[in-house]
Amino acid sequence: MAISCTCIIILMLVPLVFVGITTNAGTHKLSPLDQEANAMLSISKELWSNQHKNVSNRCNWPGVNCNKAGSITLLSPPTPSNFTLEFMTQLCFLKLNFSVFQNLVHLDLSEMGLCEFPKLSGLKKLQHLNLSYNYLGGELPFTLLENLTQLLVLDISNNYIISGTIPQELIKLERLVTLDLSANAFSEGIPLILGQMNSLTHMKLSNNLLYGDLPFTLANLTQLLVLDLSQNKLSGFIPHEIGKLTNLLTLDLSSNFLSGPIPEQIGYLTRLEVLTIGSNRIDGCIPKEIELLLHLEGLNLSYNAISGVIPSSIFIHSSYVDLSHNNLSGSIPSQFGNLSYLDVRYNNLCIKNRKELEFVIPFCYLDYNSFLDNEYYDCDGHLNDHHNKHFRRSLVLVIIVVCVTISLGSVGIGICIFRARHHGKLENKATKNGDLFSIWNYDGKIAFEDIIQATEDFDIRYCIGTGAYGSVYEARLPSGKTVALKKLHKTESENPSYYKSFCNEVEVLTEIRHRNIIRLYGYCLHNRCMFLVYEYLERGSLFCNLANEMEAQELKWSKRVNIIKGTAYALAHMHHHCPSPIVHRDVSSNNVLLNSELEACVSDFGTARLLDPDSSNQTLLVGTYGYIAPELAYTMSVTTKCDVYSFGVVALETMMGHHPGEFMSTLTKPSTQQLLVKDVLDPRIPLPKSRKDTQDVVHVVKLALACLSSDPKSRPSMQDVANELSASKASMNSSFFDVSIYQLMH
């Protein structure tokens, strides 16, 4: 009789891994190795996509390790690439039974699309179990973990639909070091009995539905390095006993309903590197004891009700601090250390040194505070004595200047109009001899004459380069200040596209303030000529510095890493921290300029584009050949990921000493992937020797390769890249001289 299609489908979904296989006589059991061989033959179709039928060679399959006797000790099948609906359904309903693999030490079934918990009974040697990123649901069956007495790592995170309570039977896993139950649907409270799992170093219960108080018994887990309870519904106070966790490196309690003050005992956590308590209901003051955390690199207390002043030494050791959306008052401490990110928006702070802060700190957000750069009022809200005395005199002067300006305009006298870079507002200072830092009351005629004289009417001798449009000149003004001028030639100024680029650059740069983005001092729209006035960067472009043998040798590895960091910080600011995201569209080594300290500034914004979230952002193809993202060959849709790709090229170019075009074109070839990182670095300087330099160089190359992914969705954002570079916590599991491109790509 013919078997129906329905029966065939049902047969496909039956269990395919067997505990024991018997002979045809049904009386003689196979040896353990033969049982493993039969089991591997059964699962090869499902977990290895039937790529490996030679079961005798199973120890050489990808994701399989064996001991000397040929028994399997590690199973980590590759993530399936053919996720069709039929294939996913087949995997989802597999009832896998791994009990036959008695010597199994490591089992990784992450990202396999499983809907059923596998059977693991009898795996007394299993130490590492990873079932993360599947579709497992329902309550966590403790029978799954019975007899796994040697288990060190249990990861069932990111299944999202595992529900019920956290089983108290976990206490029986006496050797467990890492417990990751994050991103599921566990509810009720955190069991008190978890405080008896004394061997734990990592406990991650984030992104669940847990509620109730923080158990005081957690203070017994004195070996903990990482405690992450974020994104739950936990309430009550942070217990004082938290101070007993003296080995903690990371504490994340964010996005809960915790209230009360931060306990002073937080100062006992002297090894702490990351403290995150944002998005709660914390009140009171920031305890002064937080200054005792000498290793603290990241601090997030945002979106709470914290009041009082900021402790004086809080910024010295941290690279990332977010205190936004609180009720903090007073002033900002003046000691910044290596701070690269500061957010104090939406407080009641008095900030009198905004320009200094924004210049020193790459990511600095100060808006929406009570007294922000108000030169007329002091921090108590009283009119400044000096301005109170001269207020009327200044008012009269302003009226005179306005009237004179209107009169000049009415008779058609064209003069240069200079605008300050701070949101187009002109500073209230007198000027002399064309001091471009003092724009208010500025005599445009004198400024124009100063520039004409300084460049001898834009003589070719003062030309130091050309950009996407116009030529760049160096001008030393009578005040002694040196500036750079980008001048449109007459034919260019009459060209609508160049004129649009000119206006576009002005529009973009007057909206941006960042230490790693070139500063625009002013611009001139004159019938004789059009030019922009920038800060002068002595060392010129990164391209020229890499091309020159002597200058390239000055670019030691630490300098090159800092150049890449500065470029990343600038692009991250444009993409993620401007009112509308700004895409540069022409990131290249020619448009990264260096100052005398070899710090990077991104320049040339003539092709930049402010992204409109409600449009398709389609545009003409622009950019420099060799840096343009590949997707622009078949689509004109501009996104921030286009800049990410270009940044990846610049980062590799900085490490290699030349454009990586040939290297990039062969990245997918096995021969290229087996290249060692040390063999692609710039040979003109010695290989990095210090541990920090080797880690930083490998980290940069790894990030650069990620940015060069052909799929824009797979590329990191520039904020992710900036955060990675800022953290500087990269580590290597092998010697620098053994790190390959393949390792970094995978």
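None of the values given here were measured: they were computed from a predicted structure. (Residues numbered from 1 in each chain as written. Predicted model: local features only at pLDDT ≥ 70, side-chain atom pairs only at ≥ 80, totals over all residues. Heavy atoms only, no water.)

Student: Whenever I open this one, the packing of helix α11 (residues 557–576) against helix α12 (residues 640–656) confuses me. Can you help?
Tutor: Contact geometry for α11 and α12: axes closest at 10 Å, N-to-C directions at 170°. Viewed along their axes, α11 and α12 adopt a mutual orientation that is roughly antiparallel. Packed against α11, whose contacting residues are W557, R560, V561, I564, T567, A568, L571 and H575, the element α12 presents T640, D643, F647, A651, T654 and M655 at the interface. Along the lines of polarity and charge, the residues of the contact of α11 with α12 split into eight nonpolar, four polar and two charged. (Axes fitted to C-alpha atoms, helices over the stretch in contact; angles between N-to-C directions. Helix = DSSP H or I, 4+ residues; strand = E, 2+ residues; numbered from the N terminus. Parallel < 35°, antiparallel > 145°, perpendicular 65-115°, else oblique. Contact = heavy atoms within 4.5 Å. Nonpolar A, V, L, I, M, F, W, Y, C, P; charged D, E, K, R; others polar.)

Student: Even after reading the chapter, I still don't get the pattern of salt bridges, so can you show me in this structure?
Tutor: Side-chain pairs of opposite charge can arise where the charged atoms are in close proximity. The final tally for this structure, using the stated rule, is 14 salt bridges. Of the charged contacts in the structure, one is a salt bridge between R715 and E631, with a shortest N-O distance of 2.7 Å. In this pair, R715 is assigned in the loop between α15 (691–707) and α16 (718–727) and E631 in the loop between β35 (609–610) and α12, connecting sequence segments 84 residues apart. Both residues of the pair, R715 and E631, belong to the buried class. (Salt bridge = Lys/Arg side-chain N within 4 Å of Asp/Glu carboxyl O. Buried < 20%, exposed > 50% of the residue type's maximum accessible area, 1.4 Å probe, protein only.)

Student: Can you walk me through the side chain of S646 in this structure?
Tutor: Its location among the elements puts S646 in helix α12. Setting aside residues up to four positions removed in sequence, S646 forms contacts with V587 and Y627.

Student: Help me understand the confidence of the model for the protein in this model?
Tutor: Low-pLDDT portions of the prediction should not be read for the details of their coordinates. Confidence in the prediction for the protein averages 78 pLDDT; 74% of positions are at 70 or higher. Per-residue pLDDT stays below 50 along residues 1–28; that stretch engages in 28 contacts with residues further than four places along the chain or on separate chains. Below pLDDT 50 for its whole length, residues 398–402 participates in two contacts with residues either more than four positions away or in separate chains. (pLDDT = per-residue confidence, 0-100.)

Student: Any chance you could explain the packing of α12 against α15 here in plain terms?
Tutor: Between two packed helices, what matters for the description is the angle formed by their axes and the separation of those axes. At their nearest, the axes of α12 and α15 sit 8 Å apart, and the two run at 145° to each other. In this structure, α12 meets α15 at a crossing whose hand is left-handed. Seen from α12, the contacting residues are V644, Y645, F647, G648, A651, L652 and M655; seen from α15, they are V697, V700, V701, A704, L705 and C707. Of the residues belonging to the contact of α12 with α15, the class tally is twelve nonpolar, one polar and no charged. (Left-handed = near helix turned anticlockwise from the far one by under 90°.)

Student: What is the right way to read the environment of L234 from this model?
Tutor: Locating L234 in the fold gives a position in strand β13 (residues 233–237). Spatially, the C-alpha atom of L234 lies 5.1 Å from that of G212, the residues being 22 residues apart in sequence.

Student: Is there a simple way to explain the packing of aromatic side chains in this structure?
Tutor: Applying the stated criterion to the full structure yields eight aromatic pairs. Between F458 and Y473 the ring centres are 5.2 Å apart and the planes differ by 75°, which places this aromatic pair in the edge-to-face class. You can see F458 sitting in the loop between α6 (444–454) and β26 (463–466) and its partner Y473 sitting in strand β27 (residues 471–476), a full 15 residues away along the chain. For the pair shown, F458 and Y473 are each scored as buried. Among the aromatic residues, those joined into a cluster by ring pairs are Y320, Y341, F363, Y365 and Y569. K487 extends its terminal NZ or CZ atom over the ring of F458, reaching a point 5.3 Å from the ring centre. (Phe/Tyr/Trp six-rings, centres within 6.5 Å; stacked < 30°, edge-to-face > 60°. Lys NZ or Arg CZ within 6 Å of the ring centre and 35° of its normal.)

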